[in-house]
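If you want the building blocks of each chain, they are given just below.
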Amino acid sequence: MLTSLTEGFLCCLLGKTPNAVGPLDSVESCDGFTFLEVKPGRVLRVRHAVPERRGPPESPAAAAAPERPALRCQRRITLYRNGQLLIENLPGASGEPGAPEPAATKDGAATKDAKDGAVTKDGTATMTKDSMATTTKNGAATVATKATKDGVATTTKDSMATAATKDGAATKDGTATAATTAKDGAAKRRKRKPKRVVTVDCKKRITSCKGTHGDVVLFFIHGVGGSLDIWKEQLEFFSKLGYEVVAPDLAGHGGSSAPPVAAAYTFYALAEDMRVVFKRYAKKRNILIGHSYGVSFCTFLAHEYPELVHKVIMINGGGPTALEPSLCSIFNLPPCVLHCLSPCLAWSFLKAGFARQGAKEKQLLKEGNAFNVSSFVLRATMSGQYWPEGDELYHAELAVPVLLVHGMHDKFVPIEEDQRMAEILLIAFLKVIDEGSHMVMLECPDTVNTLLHEFVLWEPEAPAARADTE
């Protein structure tokens, strides 16, 4: 603590930023690590493990008996000018064999109602700001309006509702009259015009990905302040099962180089780094696993490369909202001040990131390089989380199966955010781990590994199997 305070005051006096340039000194290059130069002078440490296979890699086509039918993904997404989002899952998305089950909450019940709206009989979900919606005969949801004074809906003196005519106008005594030109103009103005309409229409052949398949690669992307070391248990588990795994360090994290400019840590700069890593190691079927901030990069890659991304796993990633840095965050303080407060920040992270604060959890923070990030990099990364494109519409366009894993005691990401994500995504499954918190992959590695492996092996049932079951 005293050393941290002394170094922090020296930084302020000398105008230097602590640990702002170059990889951290404690990292030693060893077998299994590759240093990939994504740009001149910008080097990322990557853990790339390729299994040793005695024979030729097994072909998924040869392993499976009949070929799985392609899943038809069809939905229409309408964005209105007031921010309302209307999502319609067309019949082809759920009517064909092999359609996925709806996302489930903690108790296993299907989530029918959207957080901010209502769901119609045909599965059309509306997300309105005031959570009030009415359903018409054709299943389209409309925003409920209040009675106004100007004749949209009026009541008589004796509190009896007036009869509405065809055009919606009614007189005081209940007799229908012809609408005036002014009211016609007002009615036209009341019609909502969509700001944007997006139609998703594609076919996805979702198959089981086994460790013996040579065309499968698992990518692990960590969040702010971490490193590839947080995936230690998962990398060992899947490597032993024969999977090819790739885990990079974000710039300024772990063993990657740390550029001295804040612009190097914006979302777009880090996303381009992940694009280079993905293009370098990607094969035919790629599975992206992200934690916290790393989930945003997985979403970005799945949106950019829909044909190459086979499945996505989001661990405590939060809701489908656009990223915007907070103006009242402690990370807006100068780096030298953050450096002085680093012991307090580490203790706060231990309290909020882990369900228990025992010796095991404290050791996880100390050992290796899992959470050793300079104050400059931490501040620049937090301030660079600006991604306005990553809103609900962006996530609703994804047509890839997604597994959402949430630690019940997570104080950074409320469970309601992951539930909202499950509602927005087309094919999503939500699993809650009661004993876990934000760092659930470190707290409950066996449980997380089992969930991840089951989802990697998951594939929709064939029509014949569904008929036999019924």
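Residues numbered from 1 in each chain as written. Predicted model: local features only at pLDDT ≥ 70, side-chain atom pairs only at ≥ 80, totals over all residues. Heavy atoms only, no water.

Student: What am I meant to see in the overall build of the protein here?
Tutor: Counting its secondary structure elements, the protein contains 16 helices and 14 strands. Looking at the 470 residues of the protein, the share that counts as buried comes to 47%. Within the protein, contacts between residues at least 6 apart in sequence are counted, and of these 74% link residues at least 24 apart. For the protein, the exposed area adds up to about 24,000 Å²; of that, 55% sits on carbon and sulfur atoms. (Helix = DSSP H or I, 4+ residues; strand = E, 2+ residues; numbered from the N terminus. Buried < 20%, exposed > 50% of the residue type's maximum accessible area, 1.4 Å probe, protein only. Contact = heavy atoms within 4.5 Å. Areas by Shrake-Rupley, 256 points an atom, 1.4 Å probe, with all protein chains shown as cover.)

Student: What's the story with the packing of helix α6 (residues 267–281) against helix α7 (residues 294–304) in this structure? I'm lost.
Tutor: How two helices pack is summed up by the angle between their axes together with the distance between the axes. One can describe the packing of α6 onto α7 by two numbers: an axis separation of 10 Å at closest approach and a directional angle of 60°. Relative to α7, α6 is oriented oblique. The crossing of α6 and α7 is right-handed. On the side of α6, the interface is formed by F267, L270, A271, E272, M274, R275 and F278, while α7 contributes S296, F297, F300, L301 and E304. (Axes fitted to C-alpha atoms, helices over the stretch in contact; angles between N-to-C directions. Parallel < 35°, antiparallel > 145°, perpendicular 65-115°, else oblique. Left-handed = near helix turned anticlockwise from the far one by under 90°.)

Student: Can you help me understand the packing of aromatic side chains in this one?
Tutor: For any pair of aromatic rings, the description consists of the separation of the ring centres together with the inter-plane angle of the planes. Overall, the coordinates contain 17 aromatic pairs when judged by the stated rule. Both rings, one in F455 and one in W458, keep their centres 6.1 Å apart while their planes meet at 5°; by these two values the pair is stacked. Positioned above the aromatic ring of Y281, the side-chain terminus of R280 is 4.8 Å from the ring centre. Here K311 stacks its cationic end above the ring of F455, 5.4 Å away from the centre of that ring. (Phe/Tyr/Trp six-rings, centres within 6.5 Å; stacked < 30°, edge-to-face > 60°. Lys NZ or Arg CZ within 6 Å of the ring centre and 35° of its normal.)

Student: Help me out: how do you make sense of helix α11 (residues 375–383) in this one?
Tutor: Every α-helical turn comprises 3.6 residues, leaving residues that sit three or four positions apart pointing alike. S375, F376, V377, L378, A380 and T381 are the residues of α11 that are buried. On the buried face of α11, the contacting elements are α6 and α8 (335–340).

Student: How should unusual backbone geometry be read in this particular structure?
Tutor: Keep in mind that most residues, glycine aside, have a negative phi and that most peptide bonds are trans. Positive phi outside glycine occurs at S292, with the angle close to 55°. Relative to the elements of secondary structure, S292 occurs in the loop between β11 (285–291) and α7.

Student: Got a minute to help me understand the pattern of salt bridges in this structure?
Tutor: Pairs can form between side chains of opposite charge once their charged atoms are near each other. Following the criterion strictly, the structure yields 11 salt bridges and no others. Salt-bridge contacts for R42 lead to D273; the nearest nitrogen and oxygen are separated by 2.7 Å. Of the two residues, R42 is situated in strand β2 (residues 42–49) and D273 in helix α6; the sequence distance between them amounts to 231 residues. A residue is classified by how much of its surface remains accessible, and R42, at 8% relative accessible area, is buried. Residue R45 is joined to D229 by a salt bridge in which the shortest nitrogen-to-oxygen separation is 3.8 Å. Highlighted residues: R45 in strand β2 and D229 in the loop between β9 (216–221) and α5 (232–240), separated in sequence by 184 residues. You can call R45 buried: its relative accessible area is 5%. (Salt bridge = Lys/Arg side-chain N within 4 Å of Asp/Glu carboxyl O.)

Student: Whenever I open this one, the side chain of R285 confuses me. Can you help?
Tutor: Structurally, R285 can be placed in strand β11. The class of R285 is buried, set by a relative accessible area of 6%. A distance of 3.1 Å separates a polar atom in the side chain of R285 from the backbone oxygen of S208. (Polar contact = N/O pair within 3.5 Å; in protein donor to acceptor, adjacent residues only side chain to side chain.)

Student: In this structure, what is going on with the sheet that holds strand β12 (residues 309–315)? I would like to understand it.
Tutor: Strand order across the open sheet formed by 8 strands is β1-β2-β10-β9-β11-β12-β13-β14, with mixed pairing between neighbours. Where the open sheet ends on each side, the last strands, each with one partner, are β1 (33–39) and β14 (428–433). Taken pair by pair, the neighbouring strands of this sheet meet at an average axis angle of 20°, ignoring direction. The pairing of β2 with strand β10 (residues 244–248) spans 4 bridges and is classified as antiparallel. Directly across from V46, in β10, lies its bridge partner P248. (Pairing = 2+ DSSP bridges.)

Student: What should I look at first to understand α6 in this one?
Tutor: If you check α6, its first and last C-alpha atoms are 21 Å apart, about what 15 residues at 1.5 Å a residue would give, namely 21 Å. Of all the residues in α6, the buried ones are F267, A269, L270, A271, D273, M274, R275, V277, F278 and Y281. (Expected span 1.5 Å × (residues − 1).)

Student: How do you make sense of the pairing of β14 when you look at a structure like this?
Tutor: Remember that side chains alternate between the two faces of the sheet whenever the strand is regular. Summarising burial for β14: 5 of the 6 residues are buried, a large majority. In the sheet, strand β13 (residues 402–407) pairs with β14 via 6 bridges, with the strands oriented parallel. In the sheet register, L404 faces β14, and the bridge partner there is L430. Regarding the hand of the β-α-β motif, the stretch spanning β13, helix α13 (residues 415–424) and β14 is right-handed. (Right-handed = clockwise from strand over helix to strand, strands pointing away.)

Student: Please clarify how the pairing of strand β3 (residues 71–80) should be interpreted in this entry.
Tutor: Most of β3 sits out of view: 8 of its 10 residues are buried. Here β3 pairs with strand β8 (residues 194–204) via 10 bridges, running antiparallel. Across the sheet, the residue bridging to L79 is R196, located in β8.

Read these as spatial facts, not as claims about activity.
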